[in-house]
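Per-entry structural report
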Amino acid sequence: MLIQIHVRDLATIEELHLHLNHGNTMITGETGAGKSIFIEAIELALGGRASQNMVRPGKEKAEISLIFAINDFPHVIACLKGLDLYHDTPECIIRRVIGADGRSRSYVNGSPSTLQLVKELGEHLFHLHGQHEQQVLLQAETQRDMLDRFADHMNLVLQVKQLADAWKTIDQQIKQLRIKTLERTERGDYLRFQLDELQVIKLQPGEWEILEAEHHRLAHAEELMRHIQHVIQTLSDDENKNVLNLLNETRKTVDAILPVEPKAKEWLNTLDSVFIQLGDLESELQNYLTTTELDPEKLQMIEERVSQIFNLSRKHKISPPHLIQLKERLTEELTALEASDENLLQLQTEQQAVEKEYAVFAEKLTQNRKKAALKLEKEITNTIRTLSLPHAEFKIEFEQESTPLSSHGNEKIVFLIKTNPDQTLQPLAKIISGGELSRLSLAAHLALANRTTIPTLVFDEVDTGLSGATAEKIGKLLRKLGDSYQVFCVTHQPQVAACGHHHLLVEKYFVDNSTYTRLRLLNTEEKTREIARMLGGEKITEKTLAHAKEVLQG
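The notes below deal with the structure included here.

Reading the values: rules and limits
Residue numbers restart at each chain and count upward from 1, following the sequence in its written direction. Owing to the predicted nature of the model, reporting of local features is limited to residues with pLDDT of at least 70; listing and counting of side-chain atom pairs is limited to 80 or more, with chain, interface and lining totals taken over all residues. Think of the side-chain values as coming from all heavy atoms in the structure, minus any hydrogens and water. Only DSSP runs of H or I reaching four residues or more are called helices, and only runs of E reaching two or more are called strands; each is numbered from the N terminus. To estimate how far a helix should reach, multiply one less than its number of residues by 1.5 Å. Only protein chains enter the calculation, and the probe is 1.4 Å; a residue is then buried if its accessible area is under 20% of its type maximum, exposed if over 50%, and partly exposed in between. Put simply, two rings from Phe, Tyr or Trp (the six-membered ring, in Trp's case) pair if the centres are within 6.5 Å, and we call them stacked under 30 degrees between planes, edge-to-face over 60, tilted for the rest. Here, a charge over a ring is recorded when the distance from Lys NZ or Arg CZ to the ring centre is within 6 Å and its angle to the ring normal is within 35 degrees. Paired strands, as defined in this entry, are two strands with at least two bridges between them according to DSSP. Interaxial angle, 0 to 180 degrees, is taken between N-to-C directions of lines fitted to C-alpha atoms, where a helix line uses only the stretch in contact. We call two residues in contact whenever any of their non-hydrogen atoms come within 4.5 Å of each other. Cysteine sulfur atoms that pair up within 2.5 Å are treated as a disulfide. Comment: arc refers to directions from the helix axis out to C-beta atoms. Think of a polar contact as two N or O atoms within 3.5 Å of one another; within protein, one of them needs to be a possible hydrogen donor and the other a possible acceptor, and neighboring residues in sequence only count if both atoms come from side chains. For this analysis, a nonpolar core means a set of buried residues of the types Ala, Val, Leu, Ile, Met, Phe, Trp, Tyr and Cys, connected via side-chain atoms within 4.5 Å. Just so you know how the angles are binned, under 35 degrees is roughly parallel, over 145 roughly antiparallel, 65 to 115 roughly perpendicular, and the rest oblique.

Here we look at helix H5 (residues 140–151)
Within an α-helix, residues lying three or four positions from one another point in the same direction, as the helix has 3.6 residues per turn. Between its first and last C-alpha atoms H5 spans 17 Å; for 12 residues at 1.5 Å apiece the expected length is 16 Å, and the two agree. Along H5, the residues classified as buried are Thr142, Gln143, Arg144, Met146, Leu147, Asp148 and Phe150. Residue Asp152 follows H5 closely and has a positive phi angle near 60°.

As for the packing of aromatic side chains
Under the criterion given, the structure shown has three aromatic pairs. Here the aromatic rings of Phe394 and Phe415 are separated by 5.1 Å at their centres, their planes lie at 80°, and the arrangement is edge-to-face. Note that Phe394 is positioned in strand S9 (residues 393–400) and Phe415 in strand S10 (residues 411–418), a separation of 21 residues in sequence. In this pair, the class of Phe394 matches that of Phe415, namely buried. Both rings, one in Tyr509 and one in Tyr516, keep their centres 5.4 Å apart while their planes meet at 15°; by these two values the pair is stacked. Its relative accessible area of 28% is what places Tyr509 among the partly exposed residues. For Tyr516, a relative accessible area of 14% translates into the label buried. In this arrangement the basic side chain of Arg56 is found over the ring face of Tyr516, its NZ or CZ atom lying 4.1 Å from the centre. Just above the ring of Tyr509 sits the side chain of Arg518; from NZ or CZ to the centre is 4.4 Å.

Things to note about the sheet that holds strand S5 (residues 91–99)
Taken together, the six strands give an open sheet; going across it, the order is S2-S1-S4-S5-S6-S7, and neighbouring strands pair in antiparallel fashion. Strands with a single pairing partner mark the edges of an open sheet, and in this sheet they are strand S2 (13–19) and strand S7 (111–113). Taking the axes of each pair of neighbouring strands and ignoring which way they run, one obtains an average angle of 15° across the sheet. Note: strand S1 (residues 2–10) against S2, six bridges, orientation antiparallel. Within S2, the position partnered with Leu10 by the bridge is Ile13. Across the sheet, helix H1 (residues 37–45) lies against S1, S2, strand S4 (61–69) and S5, angled at about 95° from S1, the strand it touches most. Helix-sheet contacts for helix H3 (residues 115–122) involve S5, strand S6 (104–108) and S7, and the interaxial angle to S6 is about 45°.

A few points about unusual backbone geometry
At Asp152, a position not held by glycine, the phi torsion is positive, near 60°. Looking at the element boundaries, Asp152 is found in the loop between H5 and helix H6 (154–201). Among the residues examined, Asp152 registers a relative accessible area of 59% and is labelled exposed. In this model, Lys202 sits at a positive phi of 50°, which is unusual for a non-glycine residue. Within the element layout of this structure, Lys202 appears in the loop between H6 and helix H7 (207–219).

Examining the environment of Glu379
Relative to the assigned elements, Glu379 resides in helix H13 (residues 340–385). By relative accessible area, Glu379 is classed as partly exposed at 26%. Sequence separation between Glu379 and Ala447 is 68 residues; the distance between their C-alpha atoms is 6.7 Å.

Some thoughts on the state of the cysteines
As enumerated under the stated definition, the model contains zero disulfides in all. You can see Cys79 has no disulfide; the closest cysteine sulfur is in Cys92, sitting 8.8 Å from it. By relative accessible area, Cys79 is classed as buried at 10%. Cys499 takes part in no disulfide bond, and the closest cysteine sulfur to it belongs to Cys489, at a distance of 9.8 Å. The exposure class of Cys499 is buried, given its relative accessible area of 10%.

Examining H3
Among all positions of H3, only Leu117, Val118, Leu121 and Gly122 are buried. For H3, the buried positions fall inside an angular range of 140° around the axis, keeping them on one side. Looking at the buried side of H3, the elements it contacts are H1, helix H2 (74–82), S5, S6, S7 and strand S8 (126–129).

Some points on the side chain of Ser407
With respect to the secondary-structure elements, Ser407 resides in the loop between S9 and S10. Of the polar contacts made by the side chain of Ser407, one reaches the side chain of Asp165; its length is 3.4 Å. Polar side-chain contacts of Ser407 include one of 3.2 Å to the side chain of Lys168. Other than its neighbours up to four places away in sequence, Ser407 contacts Val160, Lys161, Ala164, Asp165 and Lys168.

Digging into the nonpolar core
Nonpolar side chains tend to gather and get buried jointly when the protein is soluble and globular. The biggest cluster of nonpolar side chains holds 46 residues, and the ones touching the most others in it are Ile5, Phe38, Leu66, Leu121 and Leu519. A total of seven residues in this core trace back to one element, the largest contributor, which is H1. Once you skip the residues sitting within four places of it in the chain, Phe38 turns out to touch Ile5, Leu18, Leu20, Ile27, Phe488, Leu504 and Leu519. Counting 25 residues, the second largest nonpolar core, distinct from the first, contains Leu442, Ala449, Ala471 and Ala498.

Quick look at the pairing of S10
Among the eight residues of S10, seven are classified as buried, and the element is accordingly described as predominantly covered. When S9 meets S10, the two strands line up antiparallel, connected through eight bridges. From the neighbouring strand, Lys395 faces S10, where its bridge partner is Leu416. Relative to strand S11 (residues 426–427), S10 runs antiparallel, the two sharing two bridges. Directly across from Ile417, in S11, lies its bridge partner Gln426.

Details of the packing of helix H18 (residues 524–536) against helix H19 (residues 542–553)
Direction vectors running N to C along H18 and H19 enclose 110°, while the axes themselves pass 8 Å from each other. Taken together, H18 and H19 sit at an angle that is classed as roughly perpendicular. Where H18 abuts H19, its residues Lys527, Thr528, Arg529, Ile531, Ala532, Leu535 and Gly536 lie against Thr544, Leu545, His547, Ala548, Lys549, Val551 and Leu552.

These figures capture arrangement, not role.
As structure tokens, then:
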């Protein structure tokens with residue numbers, strides 16, 4: 001559960017540090033005080049969308065840190081281990097820094113983390129039941145998801161979806177193969193013709209580079225030999241002036257100064273080394289001239305080979321070395337075409353096997369849903385009847401899914417309700433009012449909350465539009481829920497706020513034309529005055545205080 005929250009320079013919050021407790025914490029404040037900023041800070045830390053206007057004006061960054069106690073929640077520890085973020089401590093620290101430029105950084109237990117990773121972890125730590133979820137309750141997808149979460153068989157739901165997706169993938173592959181069959185013969189003949197041309201030249205890896213180098217050498221053989229002869233002449237053949245003779249004369253001169261300068265020994269060694277290397281070079285060049293001859297026939301043969309390869313590469317509009325890859329690619333395509341009949345039969349067999357497996361898992365999902373539906377119908381009906389709807393009845397209808405092998409199973413899930421005894425059961429969107437939807441949404445959330453392993457639950461103004469008597473009943477339900485979970489509830493209703501184990505007050509104030517928001521936990525006396533304010537307005541009298549004490553005792 002969430003045990004600490006620290007916020008700095010976020011919107012109107014300059015500095016906030018709260019130690020939080022187990023149980024139900026009610027969050028209240030005057031209209032416009034920013035009651036939802038507490039929830040928004042948690043959502044931001046857990047990967048919510050950030051923007052630069054969230055940073056307090058004049059500040060470089062906003063920072064949010066959450067500390068969760070995780071010892072009693074093995075699924076959270078397992079998630080951290082799976083992400084390689086578990087530090088063998090009883091706490092998990094999540095921190096997010098949002099810059100004034102809108103960019104942000106997230107950390108889990110001190111390690112930099114991606115937003116997606118933080119969101120994945122956050123799903124195990126925190127769940128928000130807000131006003132938006134009241135409207136999405138009217139959507140078929142939400143209704144199906146609620147039933148599946150209540151049934152606690154999400155792994156089975158995932159298996160059915162994976163099998164449906166696999167069947168659709170194979171089906172698409174089969175359709176593509178059948179289309180290709182019509183073009184296969186013509187394409188196969190064309191590929192064989194191209195491969196025959198490539199087979200004739202039998203180009204080997206690296207051959208083109210060798211041919212280019214040899215052709216270049218033979219084409220310039222006369223010029224090459226002339227240059228080598230000139231080098232040999234310069235080294236030793238010129239009687240009047242050659243490099244080796246000059247080096248020898250130089251060595252004699254240096255040898256003469258050896259008695260005077262000891263360093264001359266090193267110079268002699270260098271000259272000897274150069275003399276030896278040049279002598280070796282001269283011998284090697286002489287040998288090259290002796291063994292190398294002009295070969296016009298070989299040059300013609302290479303030119304013919306180069307022309308053959310180049311013409312084929314120009315035809316295919318690729319460079320000559322890429323002819324080898326072209327041959328491999330065409331061979332693979334031809335092999336695939338020739339094997340298409342076999343592949344089609346194999347795919348059809350695989351599809352039939354997946355279809356049979358899908359039927360087994362989808363039927364199991366249907367039976368699980370039906371069992372869970374009976375329980376969920378009973379729980380929601382009982383709850384909404386305690387919320388000033390004594391004749392309400394909630395049912396879940398199963399309609400046959402028209403799409404074959406649907407990713408969601410064999411049926412559509414439809415939530416039905418009637419709120420008066422003379423009504424017939426109808427889909428929610430057709431008959432339910434705003435206040436009735438609020439109560440049904442809360443009943444559904446309470447039913448799901450009892451199935452969740454998430455330690456921290458947040459209810460954001462789910463009591464909107466309800467009367468005082470109904471609000472009191474909702475407050476008691478939330479308090480009961482707080483016996484098992486850590487619950488935060490943003491509310492405008494004093495009857496709901498009075499039922500909290502703890503009370504968090506949100507206040508807005510101004511200093512030098514700057515707006516500030518602070519949050520503080522109230523003691524018993526402060527809580528009584530806040531309930532009195534919610535009951536009677538800004539002016540708190542003895543009468544409103546007495547009324548507040550009465551509500552708190554109720």
